[in-house]
Amino acid sequence: MIGKERLLEAMTAALRGADGDEAELVVMGGREDLSRCAGSVVHQNVSVENSQAVARVVRGKRVGCASTRGTTPAALERALDDAAELARFVPEDEQFPGLPGPAPVPGVRSHVPETAAVSPEARADELEAVFRVAAAHGLTVAGAYATREQELAVANTRGVALHAPLTSASVNLVALGENSSGYACAASRDVRDLELRNLADTAVRKCVDGARPIAIEPGHYEVILEPAAMAELMEWM
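Residues numbered from 1 in each chain as written. Predicted model: local features only at pLDDT ≥ 70, side-chain atom pairs only at ≥ 80, totals over all residues. Heavy atoms only, no water.

**Structural notes on unusual backbone geometry**
Peptide bonds are mostly trans, and most non-glycine residues show a negative phi.
Thought 1: Backbone geometry at Ser40 places phi at a positive 60°, although glycine is not the residue there.
Thought 2: Among the secondary structure elements, Ser40 is positioned in the loop between strand S1 (22-38) and strand S2 (41-59).
Thought 3: One non-glycine residue, Arg212, lies in the positive phi region at around 55°.
Thought 4: Relative to the helices and strands, Arg212 is located in the loop between helix H5 (196-209) and helix H6 (227-235).
Thought 5: Here Arg212 falls in the exposed class, since its relative accessible area comes to 66%. (Helix = DSSP H or I, 4+ residues; strand = E, 2+ residues; numbered from the N terminus. Buried < 20%, exposed > 50% of the residue type's maximum accessible area, 1.4 Å probe, protein only.)

Structure representation (structure tokens):
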């Protein structure tokens, strides 16, 4: 996390040199910590820090866009220069209303310190409890448990300068038996909402209920999809 003051200061400074009628920078970055498991063993802990900046420069009704993985002053200036150059050649957009100006923004509780503070050891301990639930039914577990701390900042030459710290946590679990499996997942800004024990019970119950499947004839059948299945289907459409 760069932090509100430093990040907005760097963005505002870069925007002062933008070559266009209007210009905007959007920066998203932060850290993701992830624990993966298979066969009821945590086999991977990774931590990744990433950031991305998107620049828009407006020339009349022409809007050029460019992006960069960096958030240094040089990277932000380069993205604005690239966007300004593209704005010379892209077709005009008669529907473009111009960049937004300052406006009241309601407060949102988007950052939960408890989520940001979760350690690899804490994730492993929670997954170990899940493994014990599955083992009581002769099952194993695979899946992933991630926590993230990020920040989103928006600034433009019309006076907008906004910053929001963000956290999120997500987990997906697959209970595996000899001939069946059960899935459960959850996501929240607050890691305490995930309730891994309840998810473990759900995944195990599905796996046990689905054991020893039987063959059925080809045909048309009414199928009811769970929200997670529908969400993934829509994601790929």
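**Describing a nonpolar patch on the surface**
Thought 1: On the surface, Ile214, Ile216, Tyr221, Val223, Leu225, Met230, Leu233, Met234 and Met237 cluster together into a nonpolar patch covering about 1000 Å² of accessible area.
Thought 2: Checked against the element boundaries, Ile216 lands in the loop between H5 and H6.
Thought 3: By relative accessible area, Ile216 is classed as exposed at 58%. (Patch = residues over 30% accessible without salt bridge, like charges linked within 9 Å, V, L, I, M, F, W, Y side chains within 5 Å. Areas by Shrake-Rupley, 256 points an atom, 1.4 Å probe, with all protein chains shown as cover. Salt bridge = Lys/Arg side-chain N within 4 Å of Asp/Glu carboxyl O.)

**Remarks on the pairing of strand S3 (residues 62-68)**
Residues in a regular strand point their side chains to alternate faces of the sheet.
Thought 1: As judged from the seven bridges shared by S2 and S3, these two strands associate in the antiparallel manner. Bridge pairing in S3 links Ala53 to Thr68.
Thought 2: Hairpin connection between S2 and S3: a loop of two residues separates the two successive antiparallel strands, and Gly60 in this loop has a positive phi of roughly 65°. (Pairing = 2+ DSSP bridges.)

**Observations concerning the sheet that holds strand S6 (residues 181-188)**
Thought 1: With antiparallel pairing, the six strands of this open sheet are ordered in space as S3-S2-S1-S4-S5-S6. Single-partner strands in this sheet number two, and they are S3 and S6. On average, adjacent strands in this sheet sit at an angle of 15° to one another, irrespective of strand direction.
Thought 2: Across the sheet, helix H1 (residues 4-16) touches S1, strand S4 (140-156) and strand S5 (161-176), and the angle it forms with S4 is around 50°.
Thought 3: Strands S4, S5 and S6 of the sheet are contacted by H5, whose axis makes an angle of about 155° with S6. (Axes fitted to C-alpha atoms, helices over the stretch in contact; angles between N-to-C directions. Contact = heavy atoms within 4.5 Å.)

**Examining the pairing of S4**
Thought 1: Most of S4 sits inside the fold, with 13 of its 17 residues counted as buried.
Thought 2: With 14 bridges joining them, S1 and S4 adopt antiparallel strand pairing. Note on S4: the bridge partner recorded for Asp33 is Thr147.
Thought 3: Where S4 hands over to S5, the hairpin turn is made up of four residues, of which Gly159 adopts a positive phi near 105°.

**Considerations on the environment of Leu166**
Thought 1: Within the secondary structure layout, Leu166 lies in strand S5.
Thought 2: Note on Leu166: relative accessible area 13%, which makes it buried.
Thought 3: When the C-alpha atoms of Leu166 and Val54 are compared, they prove to be 18 Å apart, with 112 residues separating the residues in sequence.
Thought 4: Dropping the residues within four chain positions of it, Leu166 is found in contact with Met28, Ser110, His111, Arg148, Glu149, Gln150, Leu152 and Arg189.

**Notes on the environment of Thr140**
Thought 1: Among the structural elements, Thr140 can be located in strand S4.
Thought 2: For the pair Thr140 and Asn50, spaced 90 residues apart in sequence, the C-alpha to C-alpha distance is 33 Å.
Thought 3: Residues in contact with Thr140, not counting those within four places in the same chain, are Gly39, Ser40, Ala134, Val174, Ala175 and Leu176.

**Things to note about the side chain of Ser168**
Thought 1: Mapped onto the elements, Ser168 comes out in strand S5.
Thought 2: Ser168 gets classed as buried once you look at its relative accessible area, which sits at 17%.
Thought 3: Non-local contacts of Ser168, meaning those with residues more than four positions away in its chain, are made with Thr115, Ala146, Thr147, Arg148, Ser188 and Arg189.

**Overview of the nonpolar core**
Inside soluble globular proteins, nonpolar side chains tend to come together where they are buried.
Thought 1: Core analysis: the biggest nonpolar cluster contains 23 residues, and Val141, Tyr145, Val171, Leu173, Leu194 and Leu196 have the highest contact counts within it.
Thought 2: If you list the elements that add at least two residues to this core, you get helix H4 (120-135), S4, S5 and H5.
Thought 3: Broken down by element, this core gets its largest block of residues, six residues, from H5.
Thought 4: Once residues lying within four places of it in the same chain are set aside, the contact partners of Leu194 are Tyr145, Ala169, Ser170, Val171, Ala186, Ala187, Ser188 and Leu199.
Thought 5: One finds Leu8, Ala18, Ala23 and Ala66 within the second-largest nonpolar core, a separate group that totals 21 residues. (Core = buried A, V, L, I, M, F, W, Y, C linked by side-chain atoms within 4.5 Å.)

**Considerations on the pattern of salt bridges**
Side chains that differ in sign of charge can pair as their charged atoms come close.
Thought 1: With the rule as written, the count across this model stands at twelve salt bridges.
Thought 2: Its salt-bridge partner being Asp19, residue Arg59 comes within 3.1 Å of it at the nearest N-O pair. Residue Arg59 is found in strand S2, and its partner Asp19 is found in the loop between H1 and S1; the two are separated by 40 residues along the sequence.
Thought 3: Measuring nitrogen to oxygen at the nearest pair gives 3.7 Å for the salt bridge that ties Glu149 to Arg31. In this pair, Glu149 is assigned in strand S4 and Arg31 in strand S1, connecting sequence segments 118 residues apart.
Thought 4: Glu149 gets classed as buried once you look at its relative accessible area, which sits at 16%.

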